[in-house]
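Working through the structure, step by step
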Amino acid sequence: MVAKTKTDLKIVTQKEFTKLSRLMDGLADAVALNKDADDTSIKDVVGHRAHWIDLFLGWYADGLAGKKVFFPAEGYKWNDLKRYNADLRAQQADMTWPEAQQMLTQAHDRLKSFIDSHSDAALYGGPMQGANNAWTPGRWAEAAGPSHFRSASKYIRSRLRA
């Protein structure tokens, strides 16, 4: 279900972050840093999710300011996501597991502040400026936050089962 109101967005954001936080709590560094067959670790996934919240907040701010919005980032197109994510993992390679957890918590706090500071009309009244599609800021926030939290939880559960 996709949130359609500020209240729904707040609820789903907290629900999915809480689930992810519970999975991360007490996870040993060795487990979080262990790479899978795709050379990705739990730490990498968590750092990625935190980064994408900040990407969204930047897109939103740039759109409001009338600046060109680069999706997903300057120098990359949506079909370059594998390269973008590999470059991000390389940038975050020296990040520790506690740093990744803190980064995610801080990004979640910024996302919550964003949601709290916007009305239903601002979140769902029309397309996000600069996005060049019909997605509202609320829909983009959900994709960057709770949807990413959900997929990170799924990844962690699968890694813990393996």
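Anything mentioned here points back to the structure above.
To keep things clear, this report deals only with the structure shown in the data block.

Reading the values: rules and limits
Residues numbered from 1 in each chain as written. Predicted model: local features only at pLDDT ≥ 70, side-chain atom pairs only at ≥ 80, totals over all residues. Heavy atoms only, no water. Salt bridge = Lys/Arg side-chain N within 4 Å of Asp/Glu carboxyl O. Helix = DSSP H or I, 4+ residues; strand = E, 2+ residues; numbered from the N terminus. Contact = heavy atoms within 4.5 Å. Axes fitted to C-alpha atoms, helices over the stretch in contact; angles between N-to-C directions. Parallel < 35°, antiparallel > 145°, perpendicular 65-115°, else oblique. Nonpolar A, V, L, I, M, F, W, Y, C, P; charged D, E, K, R; others polar. Core = buried A, V, L, I, M, F, W, Y, C linked by side-chain atoms within 4.5 Å. Buried < 20%, exposed > 50% of the residue type's maximum accessible area, 1.4 Å probe, protein only. Expected span 1.5 Å × (residues − 1). Arc of directions from axis to C-beta.

**Considerations on the pattern of salt bridges**
Counted by the stated rule, this structure contains 7 salt bridges. Between Arg 150 and Glu 16 there is a salt bridge, with the nearest N and O atoms lying 3.4 Å from each other. Placement of the pair is Arg 150 in helix α8 (residues 146–161) and Glu 16 in helix α1 (residues 6–24), with a sequence separation of 134 residues. Here the salt bridges share partners, and the residues they tie into one network are Glu 16, Lys 19 and Arg 150.

**Some thoughts on the environment of Phe 114**
Relative to the assigned elements, Phe 114 resides in helix α5 (residues 97–116). Phe 114 has contacts with Phe 56, Leu 57, Tyr 60, Leu 123 and Ala 141, leaving out every residue within four places of it along the chain.

**Observations regarding the packing of helix α3 (residues 42–64) against α8**
It is at 10 Å that the axes of α3 and α8 come closest, and there the two elements cross at 180 degrees. The angle between α3 and α8 places the two elements in the roughly antiparallel class. Listed contacts from α8 to Ile 42, Val 45, Val 46, His 48, Arg 49, Trp 52 and Ile 53 of α3 are His 148, Phe 149, Ser 151, Ala 152, Tyr 155, Ile 156 and Arg 159. Of the residues in the contact of α3 with α8, the class split is 9 nonpolar, 3 polar and 2 charged.

**Here we look at the nonpolar core**
Residues Phe 56 and Trp 59 are the most contacted members of the largest nonpolar core, which totals 43 residues. Mapped onto this core, the elements with two or more residues apiece are α1, α3, α5, α6 (120–124), α7 (137–144) and α8. The element that contributes the greatest number of residues to this core is α3, accounting for 11 residues. Beyond its immediate sequence surroundings of up to four residues, Phe 56 is in contact with Leu 111, Phe 114, Met 128, Pro 137, Trp 140, Ala 141 and Ala 144.

**Here's the deal with α1**
Over its 19 residues, α1 runs 27 Å from end to end, which matches the ideal 27 Å to within 8%, given 1.5 Å per residue. All of the buried residues in α1 are Lys 6, Leu 9, Val 12, Thr 13, Glu 16, Phe 17, Leu 20, Ser 21 and Met 24. Across the axial projection of α1, the buried residues extend over an arc of 160 degrees, all falling on one side. Facing away from the buried surface of α1 by more than 90 degrees, the exposed residues are Thr 7, Ile 11 and Arg 22. In the core, the buried residues of α1 are packed alongside α3, α5, α6, α7 and α8. Note on α1: the residue one or two positions beyond its end, Gly 26, has a positive phi of about 75 degrees.

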